[in-house]
Amino acid sequence: LSWIAIYGASIARRRIRLTTDQPMMALWNVIGAAGHPRRDHSYQFALIAIILMALAVLAIPIVVSAFV
């Protein structure tokens, strides 16, 4: 499940960057001092998925060995 989440986040990030980076920068250049453009949160989502995957890799052998 973690791999699916990581793969989905990478596809989402790629698609978001391809479709919105240039239009958003053009809009922010027209608006002027409006702060920084919003960023997508797929990187954070992928980081959480990696952490959950690491916890699963550690927890499953521990639980299995406790019942064997």
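Structure first, text after, so check above.
Residues numbered from 1 in each chain as written. Predicted model: local features only at pLDDT ≥ 70, side-chain atom pairs only at ≥ 80, totals over all residues. Heavy atoms only, no water.

A.B. asks: Lay out the overall build of the chain in plain terms, naming residues and giving numbers.
C.D. replies: From N to C terminus, the chain includes 2 helices and 0 strands. Taking 2.2 N^0.38 as the reference for a compact globule, 68 residues should give roughly 11 Å; the C-alpha atoms of the chain span a radius of gyration of 19 Å, well beyond that estimate. Counting over 68 residues, the chain shows a buried share of 10%. Total accessible area on the chain is roughly 6,000 Å²; 72% of this is exposed by carbon and sulfur atoms. (Helix = DSSP H or I, 4+ residues; strand = E, 2+ residues; numbered from the N terminus. Rg over C-alpha atoms; globule rule 2.2 N^0.38 Å. Buried < 20%, exposed > 50% of the residue type's maximum accessible area, 1.4 Å probe, protein only. Areas by Shrake-Rupley, 256 points an atom, 1.4 Å probe, with all protein chains shown as cover.)

A.B. asks: Could you give an account of the environment of Ala-5, with specific residues and numbers?
C.D. replies: Turning to its location among the elements, Ala-5 is positioned in helix 1 (residues 2-31). In sequence terms Ala-5 and Ala-49 are 44 residues apart; their C-alpha atoms lie 6.2 Å from each other. Excluding residues within four positions of it along the chain, Ala-5 makes contact with Phe-45 and Ala-49. (Contact = heavy atoms within 4.5 Å.)

A.B. asks: Describe the environment of Thr-20, with residues and values.
C.D. replies: By the element assignment, Thr-20 lies in helix 1. Look at Thr-20 and you get partly exposed, because its relative accessible area is 31%. Between the C-alpha atoms of Thr-20 and Ile-6, which are 14 residues apart in sequence, the distance is 21 Å. Among the polar contacts listed, one links the side chain of Thr-20 to the backbone oxygen of Ile-16, at a separation of 2.5 Å. (Polar contact = N/O pair within 3.5 Å; in protein donor to acceptor, adjacent residues only side chain to side chain.)

Keep in mind these values describe shape, not function.
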